[in-house]
Amino acid sequence: MSRIRSVHPGLWTDERFVCGSMQARLLLIGIWGECDDQGVFEWAPLKLKMRIFPADNIAIADHLNELGQIGLIQSFSADGRNYGAVRNFMKWQRPKSPQAVHPLPDEIASYVGKPEDGGDKPERGTALGKLLWEQQGGLCFYCSEEITYYRKKATSLEIDHRKPLALGGEDSVANLVAACKPCNSLKGALPEAVFRERFAVNDLVANCREKRGSHSANGKFADSERDAKTRDGEATKQMEEEGGRRKDEKKDGGANYAFAGRTIRLNQADFNNWRSRFHAIPDMAAELTALDAWLGKQPDDKRKSWFHQVPGMLNRKHQELLSAAKAEARAGGEMELPIA
Ligand SMILES: [Zn+2]
């Protein structure tokens, strides 16, 4: 079965590659598709000819030899059959779930660029994943549980779009966060505000721990109340830090807020973010002032989770204003909405 492969732009100027004839170079790229994910293919010239150059009059065996001479492929036999191996194949082709179809003798393993101690070392996540992971202090954006940027672990990070691509969210760093797998799959294609409205942080933490199998061995949200309280405290502390937005606060002792009420405190980035998400609200500062006053009269736990509650309230207001504007427009009047 042939496979899709990617072509690194550096290939065209690779010093071995440029030594080949044009046919040999094209043949090499064709061979990639015939390899298994270790870079091993059957050394069967006629079969390769029919697969890669079905309509050309071409001496395929000569070009295979040519590729061998310039050191881009190597033939070998194993279990009584002839195979070819592509130099450094495994360094450049990284399928998500690699499949080995053909044998790979030890002496060929390094030729195809198989990692020395492959398997033992955890596979690293992406550079972007690491960046987000560091920005968030190694915690999931939604449940504030620890995550690792190594892949293929129960606690590994996934990159989530706060506003899903399907809803017009951008593939930009501002719209991307590191989240744990349980949160990410729970969130699915929901926008952040809806997700936060639907699930309290406590539920997310419980869900997360259950999926990781680390804390509650006995099933759904089954932790003792004491545990729940501890979690509460932890989550709240983390949320407060999140709400206060760590770095700015630490750097300038809290002087750097774009909005600072008694409960609600936002740095410029979060303030801008909320203002553009809820752009139907004409005066965000005034709205926040009103909400801050209201929050001041609420019980402790409600106040402490303000960072997760306020967006929901802003969103309701935003939606009301939008539908009011639509109704107004239908009635023939005009109402201007501030543009994000
Ligand atoms: Zn999470």
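Being a predicted model, the structure only gives us computed values, none of them experimental.

What counts and how
Sequence order sets the numbering: in each chain, residues are counted from 1 along the sequence as written. Two thresholds apply to this predicted model, a pLDDT of at least 70 for residue-level local features and 80 or more for giving and counting side-chain atom pairs, whereas whole-chain, interface and lining totals are computed over all residues. Helix and strand labels come from DSSP, where a helix needs a run of H or I of at least four residues and a strand needs a run of E of at least two; each type is numbered from the N terminus. Any residue surrounded by 20 or more other C-beta atoms within 10 Å of its C-beta is treated as buried, while 12 or fewer makes it exposed and the intermediate range makes it partly exposed; C-beta atoms here are placed from the backbone. Residue pairs are scored as contacts if the distance between their C-beta atoms, which are placed from the backbone, is within 7 Å. As a rule, the C-alpha atoms of each element are fitted with a line to give its axis, helices using only the stretch in contact, and angles between N-to-C directions run from 0 to 180 degrees. Comment on the angle field: the value is read as roughly parallel under 35 degrees, roughly antiparallel over 145, roughly perpendicular from 65 to 115, and oblique elsewhere. By the convention adopted, Pro, Cys, Tyr, Trp, Phe, Met, Ile, Leu, Val and Ala count as nonpolar, Lys, Arg, Asp and Glu as charged, and the other residues, Gly among them, as polar. A residue's pLDDT is the predictor's confidence in that residue, given on a scale from 0 to 100. Arc, as used here, means the arc of the directions from the helix axis to the C-beta atoms. Note on terminology: a nonpolar core is any set of buried Ala, Val, Leu, Ile, Met, Phe, Trp, Tyr and Cys residues joined through C-beta atoms within 7 Å. Paired strands, in this sense, are two strands between which DSSP finds at least two bridges. Any helix carries an expected span of 1.5 Å times its number of residues minus one.

### What about the overall build of the protein chain?
Counting secondary structure elements, the protein chain contains 15 helices and 7 strands. Counting only residues that meet the buried cut, the protein chain has 28% of its 340 residues in that class. Here the analysis covers contacts within the protein chain between residues at least 6 apart in sequence; of these, 64% occur between residues at least 24 apart.

### Quick look at the packing of helix α1 (residues 22–34) against helix α3 (residues 60–69)
Contact pair α1 / α3: the axes reach a minimum separation of 9 Å and the direction vectors enclose 85°. Put simply, α1 runs roughly perpendicular to α3. Across from Gln23, Ala24, Leu27 and Leu28 in α1, the residues of α3 making contact are His63, Glu66 and Leu67. Split by residue class, the contact of α1 with α3 holds 4 nonpolar, 2 polar and 1 charged.

### Points about the confidence of the model for the protein chain
Averaged over every residue, the pLDDT of the protein chain is 80; the share at 70 or more is 80%. Long-range and interchain partners of residues 215–254, a stretch whose pLDDT sits below 50, account for 41 contacts in this model, where long-range means more than four residues apart. Low pLDDT, under 50, characterises residues 333–340; the stretch is placed with 11 contacts to residues that sit more than four places away or in other chains.

### Points about α3
Within the span of α3, buried status applies to Ile60, His63, Leu64, Glu66 and Leu67. End-on, the buried residues of α3 take up no more than an arc of 160°, which puts them together on one face. Those residues of α3 that are buried lie in contact with α1, α2 (45–52) and β2 (73–78). Backbone geometry just after α3 places Gly71 at a positive phi near 80°.

### Here's the deal with the nonpolar core
Counting residues in each nonpolar core, the largest one holds 24 residues, and the members touching the most others are Ile31, Val40, Leu67, Ala85, Val86 and Val112. Only α1, β1 (40–42), α2, α3, β3 (81–86) and α4 (89–92) provide two or more residues apiece to this core. For this core, the leading source of residues is α1, giving 4 residues. The contacts of Val86, once residues within four sequence positions are left out, are Ile31, Trp32, Cys35, Gly39, Ile73 and Val112. Counting 20 residues, the second largest nonpolar core, distinct from the first, contains Leu157, Ala179, Cys180 and Cys183.

### Comments concerning the sheet that holds β1
The 3 strands lie next to each other as β1-β3-β2, forming an open sheet whose pairing is antiparallel. Two strands in the sheet have a free side with no partner beyond their single neighbour: β1 and β2. Across this sheet, the average inter-strand angle for adjacent strands is 35°, counted without regard to direction. Looking at chain direction, β1 and β3 are connected through 3 bridges and run antiparallel. Of the residues in β3, the one forming a bridge with Val40 is Ala85.

### Section: helix α13 (residues 284–295)
Over its 12 residues, α13 extends 16 Å from the first C-alpha to the last, a length consistent with the 16 Å expected when each residue adds 1.5 Å. Those residues of α13 not exposed but buried are Met284, Leu288 and Leu295. What you see down the axis of α13 is that its buried residues fit within an arc of 30°, all on one side. Set apart from the buried face of α13 by more than 90 degrees, the exposed residues are Ala286 and Trp294.

### Quick look at unusual backbone geometry
Of all residues except glycine, most have a negative phi; of all peptide bonds, most are trans. The backbone of Asp79 shows a phi angle near 50°, a positive value even though the residue is not glycine. Structurally, Asp79 can be placed in the loop between β2 and β3. Overall, Asp79 belongs to the exposed group, with 8 C-beta atoms counted inside 10 Å. Residue Ser144 is not a glycine yet carries a positive backbone phi of 65°. Tracing the chain through its elements places Ser144 in the loop between α6 (127–135) and β4 (157–161). Assessed through the 25 C-beta atoms surrounding it within 10 Å, Ser144 is described here as buried.

### Observations concerning the pairing of β2
The pairing of β2 with β3 spans 6 bridges and is classified as antiparallel. In the sheet register, Gln74 faces β3, and the bridge partner there is Ala85. With antiparallel pairing between neighbouring strands as the criterion, β2 and β3 make up a hairpin whose turn holds 2 residues, including Asp79 at a positive phi of roughly 50°.

### Some thoughts on the packing of α2 against α3
With their axes 9 Å apart at the nearest point, α2 and α3 run at an angle of 100° to one another. Viewed along their axes, α2 and α3 adopt a mutual orientation that is roughly perpendicular. Taken together, the residues of α3 that come into contact with α2 (itself represented by Pro45, Leu48 and Lys49) are Ile60, Ala61 and Leu64. Of the residues contributing to the contact of α2 with α3, the split by class is 5 nonpolar, no polar and 1 charged.

### Thoughts on the environment of His102
Among the secondary structure elements, His102 is positioned in the loop between α4 and α5 (106–109). Judged by the 18 C-beta atoms lying within 10 Å of it, His102 is partly exposed. Sequence-wise, His102 and Ala78 are 24 residues apart; in three dimensions their C-alpha atoms are separated by 9.1 Å. Aside from chain neighbours lying at most four places away, what touches His102 is Asp36, Val40 and Tyr83.

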